[in-house]
Amino acid sequence: MEHEQDGGRFTNQSSATVHGTHVQIGRNHGGIVFSCGHPGESGQPGPVRPAQVPVPRGFVNRSAEFADLDAWLEERILEQEDAVGVLSGLPGVGKTATACRWARLARDRFPDGQVFVDFAALRRDNRGGDLAEAAAWCLRALGVAKEFVPVTLSERLALFRSHCSTRRLLIVLDDVTVAGHVAALAPGSPGSAVLATSTAPLDELSLDGTRLLALAPLDRGSGTRLLAELAGPGRIEADPSGADRLVDLCDGLPMALHVVGLRLRRHTWLSVAALADELADENERLAALTSSVSGKESSVSSALNLAYQDLPDPQARLYRLLGLLPYPLFDAGTVAACAQLTQVGALQALAGLVEAGLVHREADDRYRLHSLVRLHARALAAAHDSPEEESAVPARALAHYLQLTALADRAIRADRLRIVDLDAVIGDAPDPFVDGTNRPLPWMEAERPALLAVLREAERHGWDRRVWQLAEVLSALYLHHRHLGEWQEVLRMGAAAAARDERPDAEARLRSLLSRPLLDLDQEAEAEAQLKRALECATDGDNLRLQASVQEFWGRFLERHDLAAAQSAFKRNLQLSELAGDQRGAALALLFLGGAQDASGKSTTAVQTLNDALVRFENCEDARMAARAVAARGRVHFNLGDLDSAARDLRRAADQLRESDATHYEAQAREELADLLESSGGADAEVRTQLERAWQIYHDGGSPRAAVLRARLDSLPDPEPEPEPEPEPEPDETGT
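Because the structure is predicted, anything quoted here is derived from the model rather than measured. (Residues numbered from 1 in each chain as written. Predicted model: local features only at pLDDT ≥ 70, side-chain atom pairs only at ≥ 80, totals over all residues. Heavy atoms only, no water.)

Across its full length, the protein holds 33 helices and 12 strands. Within the protein, the proportion of its 736 residues that are buried is 51%. For the protein, the proportion of contacts with a sequence separation of at least 24, taken over those separated by at least 6, is 66%. If you sum the accessible surface of the protein, you get close to 34,700 Å²; carbon and sulfur atoms cover 49% of it. (Helix = DSSP H or I, 4+ residues; strand = E, 2+ residues; numbered from the N terminus. Buried < 20%, exposed > 50% of the residue type's maximum accessible area, 1.4 Å probe, protein only. Contact = heavy atoms within 4.5 Å. Areas by Shrake-Rupley, 256 points an atom, 1.4 Å probe, with all protein chains shown as cover.)

Here is the structure:
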């Protein structure tokens with residue numbers, strides 16, 4: 001570049017690559033004022049107020065999450081601390097939409113703007129160094145021209161913090177995979193915040209005071225409202241029950257609901273019920289959850305594939321295997337058994353799946369698969385794994401749960417009559433109940449849905465011996481907690497499997513047990529048929545304990561119709577039990593014989609019989625049945641008019657039965673105690689207390705007694721309000 005000055009010539013040359021304004025001066029005279037450059041060049045905030053957060057479409061609810069985020073922000077502002085939050089959850093649960101919706105609602109809290117960084121897009125562009133690109137994006141959003149963005153990451157982050165220092169900004173980081181990226185892009189200025197979304201929980205950030213919020217799928221009401229907004233006027237309102245089915249089949253996943261809603265909007269000829277029927281087929285559900293708009297496909301499978309394709313091989317294999325489990329809630333021990341891994345190996349692989357957002361870890365250290373994720377994993381297993389694996393995994397699950405349930409059954413009552421050989425089933429499996437750390441009944445109650453699913457899967461595969469074995473040991477739960485509908489199903493499956501397995505002893509045991517839920521549900525005709533078949537099967541062998549037990553169940557049926565015949569059955573039960581050397585069986589015979597004697601008017605004799613039963617139960621250290629004997633004696637005292645003894649026995653029995661977790665019999669004792677109190681003019685408050693506890697037990701177990709007690713409770717007078725406490729007297733002038 002040549003210049004002429006004072007008649008002479010000089011030349012300016014520069015070897016640098018120039019961006020923007022470039023000035024070289026040779027000689028100058030006088031003052032020169034020169035202004036140029038970009039507003040962001042100096043590192044000071046320019047006039048740019050970014051508004052980059054997208055507008056979410058088709059959004060409902062999340063009011064609880066919004067309230068949580070509002071409270072989090074206010075707390076951090078008051079404490080003058082960085083406000084850093086993370087929304088986590090499985091793919092398609094609505095993390096981005098929730099973050100964007102909250103950001104728009106909170107616009108006034110961030111007067112200097114909102115920046116949005118899509119980490120997934122950065123990864124797709126293959127630029128590498130996600131954080132460096134994200135920092136550059138933030139700088140450009142805040143008014144720094146591209147040519148003034150520093151080269152190194154440290155310089156970019158330093159300049160970013162400088163630009164944020166006097167601003168109140170919200171930085172939304174979408175689809176983050178690395179916890180450090182969230183902390184690095186926190187504005188660090190009072191009143192500013194960073195809100196990230198991630199499939200991974202990013203738990204390590206909690207150590208720095210980050211607010212971690214896991215998003216769950218929508219409940220039915222919110223899911224229905226979302227469908228109504230997406231499907232078009234009147235579509236959902238015209239078929240509310242069909243809409244509920246759609247939400248349930250989508251398991252509340254917003255992405256799936258969006259696909260369903262758009263299909264209904266575009267295909268006006270497609271009814272809500274027809275679409276629900278289409279989704280009801282598990283084999284076709286994922287395919288049905290696919291929609292194409294303007295040539296762009298949206299599907300649940302595509303979103304899950306993005307998470308799956310980044311898994312290392314061991315985690316990918318485990319993910320596919322989890323889709324083959326009979327139930328979507330499981331612990332690490334189940335995974336280890338089914339995947340043939342060590343406990344440590346299972347925990348490590350599960351941690352990777354949790355980080356990928358494909359598996360959710362529950363508060364009780366169990367793990368859950370969303371129903372659509374489970375279908376996706378199962379479809380991948382069918383595509384990538386051998387056909388043998390499809391049956392091998394449920395078989396391992398069955399063996400695992402059978403061992404654990406047998407151990408729990410033994411821990412509850414080791415001397416109970418069983419047909420299954422517990423030692424053969426348990427083998428050398430470690431006993432989690434041996435030291436009392438784990439309690440068998442709560443474990444069985446918690447695992448009840450999984451155990452039922454495993455049993456159904458075993459029946460589907462035709463594993464008859466395992467079916468009746470699991471049905472028998474599982475009855476230890478239902479003898480304490482009367483889930484009547486489930487118990488019927490379990491025993492029906494077990495009895496049919498025992499018949500196919502040609503085990504009349506097991507069939508007799510299971511059919512006699514089946515009479516109990518049937519009688520509780522007043523299905524007497526079927527109970528009688530089951531018991532007659534049990535009597536036939538029991539006499540085919542020489543198992544005296546089994547024959548005695550069937551006589552006990554037969555006598556309990558006869559009590560409803562013929563007390564003399566019932567007493568004969570119980571006496572035969574007692575005789576067979578004593579011949580077999582079964583002291584507990586003999587005590588059971590005396591318990592039910594005493595009840596039949598009382599019902600037939602022999603109440604004084606019944607007290608003696610029940611006292612004998614009580615002593616035998618105490619000698620057997622059977623607290624549950626001892627409490628039942630005390631309750632039965634309380635009934636006899638009631639009939640004899642000895643109300644004080646009756647009330648004492650019934651209270652004692654109810655409390656002991658509660659301690660033994662024998663809730664069904666506790667409910668009976670409390671109902672009878674309420675009868676006694678009401679008949680003797682007892683306080684209405686105590687009557688209500690006893691009936692409410694009994695009602696809750698019956699209600700939870702599906703007993704028809706629940707409706708009877710509900711009507712009785714509703715007829716009681718309303719409880720009187722607690723009296724106001726007397727005010728403290730004012731001290732006199734002397735202070736005394």
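On we go from here.
Further remarks concern the pairing of strand β3 (residues 83-88). Where burial is concerned, most of β3 is hidden: 6 out of the 6 residues are buried. A two-sided burial pattern is seen for β3, the buried positions comprising Ala83, Gly85 and Leu87 on one face and Val84, Val86 and Ser88 on the other. In this sheet, strand β7 (residues 211-214) lies alongside β3 in parallel orientation, the contact comprising 4 bridges. Across the sheet, the residue bridging to Gly85 is Arg211, located in β7. (Pairing = 2+ DSSP bridges.)

This part takes up the packing of helix α23 (residues 504-520) against helix α25 (residues 544-558). Direction vectors running N to C along α23 and α25 enclose 20 degrees, while the axes themselves pass 10 Å from each other. For the element pair α23 / α25, the angle class is roughly parallel. The handedness of the crossing between α23 and α25 is left-handed. For the pair α23 and α25, contact is made by Asp505, Ala508, Arg509, Ser512, Leu513, Ser515, Arg516 and Leu519 and by Leu546, Ser549, Val550, Phe553, Arg556 and Phe557, respectively. (Axes fitted to C-alpha atoms, helices over the stretch in contact; angles between N-to-C directions. Parallel < 35°, antiparallel > 145°, perpendicular 65-115°, else oblique. Left-handed = near helix turned anticlockwise from the far one by under 90°.)

Here we take up the environment of Ser222. Residue placement: Ser222 occurs in helix α7 (residues 220-231). Since its relative accessible area comes to 2%, Ser222 is described here as buried. Considered as a pair, Ser222 and Val247 are 25 residues apart in the sequence and their alpha carbons are 9.2 Å apart. Look past the residues within four positions of Ser222 in its chain and what remains in contact with it is Val60 and Asn61.

This model, assessed by the stated rule, comprises 1 cavity of 30 Å³ or more. The computed volume of the largest cavity comes to approximately 40 Å³. Taken together, Leu325, Pro326, Tyr327, Leu329, Phe330, Thr334, Tyr401 and Val454 make up the full set of residues lining the largest cavity. Taken together, the residues that form the lining of the largest cavity break down as 7 nonpolar, 1 polar and no charged. (1 Å grid on protein atoms, 1.4 Å probe; cavity = no way out; pocket = protein on both sides within 12 Å on 5 of 7 lines; lining within 4 Å. Points joined across faces, edges and corners; volume = space filled by probe spheres on them. Nonpolar A, V, L, I, M, F, W, Y, C, P; charged D, E, K, R; others polar.)

Glancing now at the side chain of Ser645. Of note, Ser645 is situated in helix α30 (residues 643-659). Among the polar contacts made by the side chain of Ser645, one reaches the side chain of Asp642 at a distance of 2.7 Å. (Polar contact = N/O pair within 3.5 Å; in protein donor to acceptor, adjacent residues only side chain to side chain.)

The topology assignment puts Asp700 in helix α32 (residues 684-701). As a C-alpha pair, Asp700 and His483 span 217 residues in sequence and 7.5 Å in three-dimensional space.

This part is about the packing of aromatic side chains. Two aromatic rings, taken as a pair, are described by how far apart their centres are and by the angle between their planes. Applying the stated criterion across every chain, the model contains 7 aromatic pairs. Relative to Phe110, the ring of Trp102 has its centre 6.3 Å away and its plane inclined at 70 degrees; by these criteria the two rings are edge-to-face. Using a relative accessible area of 1% as the deciding quantity, one classes Trp102 as buried. Relative accessible area serves as the criterion here: at 1%, Phe110 is assigned to the buried category. (Phe/Tyr/Trp six-rings, centres within 6.5 Å; stacked < 30°, edge-to-face > 60°.)

Turning our eyes to something else, we now look at helix α12 (residues 300-308). Residues of α12 that are buried: Val300, Ser301, Ala303, Leu304, Ala307 and Tyr308. Buried residues along α12 cover an arc of 160 degrees about the axis, so they all sit on one side. (Arc of directions from axis to C-beta.)

Another aspect to go through is the confidence of the model for the protein. Mean pLDDT over the protein: 87, with 89% of residues reaching 70 or higher. In this model residues 14-23 is a low-confidence stretch, pLDDT under 50, and it forms 6 contacts with partners more than four residues away in sequence or in other chains. Scored below 50 in pLDDT, residues 28-45 makes 22 contacts in the model with residues more than four places away or belonging to other chains. (pLDDT = per-residue confidence, 0-100.)

So, about the packing of α23 against helix α24 (residues 524-538). Contact geometry for α23 and α24: axes closest at 8 Å, N-to-C directions at 160 degrees. Between α23 and α24, the crossing angle belongs to the class labelled roughly antiparallel. Seen from above, α23 lies across α24 with left-handed handedness. Across the interface between the two elements, Pro504, Glu507, Ala508, Arg511, Ser512, Leu514, Ser515, Leu518 and Leu519 from α23 touch Glu524, Glu526, Ala527, Gln530, Leu531, Arg533, Ala534, Cys537 and Ala538 from α24. Each residue belonging to the contact of α23 with α24 can be placed in one class, and the counts come to 10 nonpolar, 3 polar and 5 charged.

One non-glycine residue with positive phi stands out, namely Gln340, at about 55 degrees. Along the chain, Gln340 turns up in the loop between α14 (332-339) and α15 (343-355). Non-glycine residue Asp365 carries a positive phi angle of around 70 degrees. Here Asp365 is to be found in the loop between β11 (360-361) and β12 (367-368).

This part is about the layout of surface pockets. To find leftover empty space, one rolls a probe the size of a water molecule over the atoms. Its boundaries defined by the atoms lining it, the second largest pocket holds a volume of some 890 Å³. Lining the second largest pocket we find 30 residues, and of these Arg516, Glu559, Arg635, Gln668 and Glu672 sit closest to its centre. Listing elements by their share of the lining of the second largest pocket, those giving two or more residues are α23, α27 (583-599), α29 (623-640) and α31 (663-679). Per-element tally for the lining of the second largest pocket: the top contributor is α29, with 6 residues. Its residues assigned to classes, the lining of the second largest pocket shows 12 nonpolar, 5 polar and 13 charged.

Take the pattern of salt bridges next. Pairing between side chains of opposite charge can happen when their charged atoms approach one another. The final tally for this structure, using the stated rule, is 54 salt bridges. Put simply, Arg635 and Glu672 hold a salt bridge, and the shortest N to O gap is 2.5 Å. Of this pair, Arg635 sits in helix α29 while Glu672 is found in helix α31, placing the two residues 37 residues apart along the sequence. One salt-bridge network, held together by shared partners, links Arg413, Asp415, Arg584 and Asp622. (Salt bridge = Lys/Arg side-chain N within 4 Å of Asp/Glu carboxyl O.)

An order of β10-β12-β11 is seen for the 3 strands of this open sheet, with the pairing classed as antiparallel. Strands at the two margins of the open sheet, each flanked by one partner only, are β10 (329-330) and β11.

As summarised here, the arrangement of the 5 strands in space is β4-β5-β6-β3-β7, forming an open sheet in which the pairing is parallel. Each edge of the sheet is formed by a strand with only one pairing partner; in this case those strands are β4 (114-118) and β7. Going from strand to strand, the sheet's axes swing by 15 degrees on average, the running direction of each strand aside. Pairing of β4 with strand β5 (residues 170-174) involves 5 bridges; the strand directions are parallel. Counterpart to Phe116 in the pairing with β5 is Val172. Against the sheet, helix α2 (residues 95-105) makes contact with β3, β4, β5 and β6 (193-198), and its axis sits at roughly 160 degrees relative to β6, the strand it touches most.

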